[in-house]
Amino acid sequence: MTTSPLLEFLLSRSRGELLAWQDQLSAARRFNRSVREVELIALQHGLLPARYIRNRKTITTEGQLRLCSASVVVVGCGGLGGYVLELLARLGVGRLRAVDPDCFEEHNLNRQLLSTVENLGQAKVDAARLRIGAVNPAVELEPHQCAFSAANGAELLQGAEVAVDALDNLATRRELAKQCLQLRLPLVQGAIAGWYGQLGIQLPDRAGSGLHWIPAEGEQGGLEKELGNPSFTPAAIASLQAAEVCKLLLGAGGVPGERTLWVDLQAMEFLIPE
Amino acid sequence: MQVTVRLVGVFRIDRFREERRCYPETATVRDIVCELGIPLSLLGIVLINGSHAAIDDQFRDGDTITLLPFIDGG
């Protein structure tokens, strides 16, 4: 099947440059293509799926094509990772790889977007696949129910353009940061505890690591075990992470280079070290 | 010498937000952290005059030392 009859179909159904969801879905079924393939072809020819119309003043149709072609790996699908996946899917990032070994438990319900009373006991990455499939079928989510490690890291990062650190322990964060440097992969890190959050950017062309966490003596867990996390802290930090991923993929805006942002939501303070 | 010590997040509880304090010329950040009773395992980031620094770094008269908690939840 060439793209021509498909493209003709899309052009005949579009209104101006907008392509309605039902027509995108019809094209996928009629021409036996995935929704994402139809979206790529539409965007390549200047047609914008109507779901992105409110993106348009922020992200051009060319930018939307770039996002649809992109691949991002999200390591950790709990508080931060659930929001990051949702935000990137709604943004239109075409390929997401979700990595997490855990299943949902009741204590996740206060903050983890992908958890519901219905899916307690379900693997987080499977819940992510279902949720993203319902939110944006043009996004292909690849679930990996495993813990990121030195042994499987290269395989999990393979083909990604940006990695997101949504992990919950320093040892695995360090391993992820190390492998991202080796693979020259930009890394967007987030960490949370109670009212507090932290964002870090590690770029591959920089000598040092964006991880500016002091090696805590003994490397016990940070404050999260003591403070837990309310609903809004992961949402806030994940939103900042998604914005940085978007800028890295589009090469747009002020990608700040290596930088750390420390957020105190209780005092409403944002601290950016040099 | 006199420096400004600035604490962030939970480090402020039962301590202070910002204070001018005196230390000997040879003092390091570690001395401040120990003096304030902050467990080293909870220390995340050290800044001297807004730039990342290490716990055994020395500082100068008039500097501002900022201590941020270690957080790693996700």
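Cut-offs applied
Residues numbered from 1 in each chain as written. Chains lettered and ligands numbered in written order. Predicted model: local features only at pLDDT ≥ 70, side-chain atom pairs only at ≥ 80, totals over all residues. Heavy atoms only, no water. Domains from an automatic or database assignment. Contact = heavy atoms within 4.5 Å. Buried area = accessible area lost by both parts, 1.4 Å probe. Salt bridge = Lys/Arg side-chain N within 4 Å of Asp/Glu carboxyl O. Polar contact = N/O pair within 3.5 Å; in protein donor to acceptor, adjacent residues only side chain to side chain. Helix = DSSP H or I, 4+ residues; strand = E, 2+ residues; numbered from the N terminus. Nonpolar A, V, L, I, M, F, W, Y, C, P; charged D, E, K, R; others polar. Expected span 1.5 Å × (residues − 1). Pairing = 2+ DSSP bridges. Axes fitted to C-alpha atoms, helices over the stretch in contact; angles between N-to-C directions. Buried < 20%, exposed > 50% of the residue type's maximum accessible area, 1.4 Å probe, protein only.

## Side note on the domain arrangement of chain A
Residues and elements named next belong to chain A.
- Split by domain assignment, chain A resolves into domain 1 (3–63) and domain 2 (70–271).
- Facing the 11 residues of domain 1 at the interface are 12 residues of domain 2.
- When domain 1 packs against domain 2, the two sides together hide about 900 Å² of surface, and 53% of this comes from carbon and sulfur.
- Applying the counting rule to domain 1 against domain 2 returns one salt bridge.
- Counting every contact that joins domain 1 to domain 2 gives four residue pairs in polar contact (both at pLDDT 80 or more).
- Those elements that provide at least two residues to the side of domain 1 that touches domain 2 are helix H2 (21–30) and helix H3 (35–44).
- When residues in the side of domain 1 that touches domain 2 are grouped by element, the largest group, three residues, is from H3.
- Grouping the constituent residues of the side of domain 1 that touches domain 2 by class yields four nonpolar, four polar and three charged.

## Let's talk about the interface of chain A and chain B
- Across the boundary between the two partners, chain A contributes 37 residues, which contact 28 residues of chain B.
- Carbon and sulfur atoms make up 62% of the area that chain A and chain B hide from each other, which totals about 2600 Å².
- At the surface where chain A touches chain B, the tally comes to two salt bridges.
- Among the ionic pairs, A:Glu269 bridges to B:Arg17, the shortest N-O distance being 2.3 Å.
- Where chain A meets chain B, there are nine residue pairs in polar contact (both at pLDDT 80 or more).
- Secondary structure elements with two or more residues in the side of chain A that touches chain B: helix H5 (79–91), helix H8 (170–182), strand S7 (187–193), strand S8 (196–202), helix H9 (224–227), strand S9 (259–264) and strand S10 (269–271) of chain A.

## A closer look at H8(A)
Residues and elements named next belong to chain A.
- For H8, which comprises 13 residues, the first-to-last C-alpha distance of 18 Å matches the rise-based estimate of 18 Å (1.5 Å per residue) to within 8%.
- As for H8, its buried residues are in contact with strand S3 (71–75), helix H7 (153–157), strand S6 (162–165), S7 and S8.
- Of the residues flanking the start of H8, the one acting as N-cap is Asn169, its side-chain oxygen 3.4 Å from the backbone nitrogen of Ala171.
- Count one or two residues on from H8 and you reach Arg184, which has phi positive near 60°.

## Some points on the sheet that holds S10(A)
All names here are of chain A.
- Read across the sheet, eight strands follow the order S5-S4-S3-S6-S7-S8-S9-S10 without closing on themselves; strand pairing throughout is mixed. Two strands close off the open sheet at either side, each with one partner strand: strand S5 (140–144) and S10. When the angles between neighbouring strand axes are averaged without regard to direction, this sheet yields 15°.
- Each of S3, S6, S7 and S8 touches H8; the most contacted strand, S7, lies at about 170° to it.

## Examining the pairing of strand S1 (residues 2–7) of chain B
Residue and element names in this part refer to chain B.
- Across five bridges, the pairing between S1 and strand S2 (residues 18–22) is antiparallel. In the strand pairing of S2, Gln2 is matched with Cys22.
- Relative to strand S5 (residues 64–69), S1 is paired through four bridges, and the arrangement is parallel. Paired with Val5 across the strands is Ile65, a residue of S5.

## Quick look at unusual backbone geometry
All names here are of chain A.
- With a phi close to 55°, Asn32 is a non-glycine residue in the positive phi region.
- With respect to the element layout, Asn32 can be found in the loop between H2 and H3.
- The residue Met268 is not glycine, and still its phi comes out positive at about 50°.
- With respect to the element layout, Met268 can be found in the loop between S9 and S10.
- For Met268, a relative accessible area of 69% gives the class exposed.

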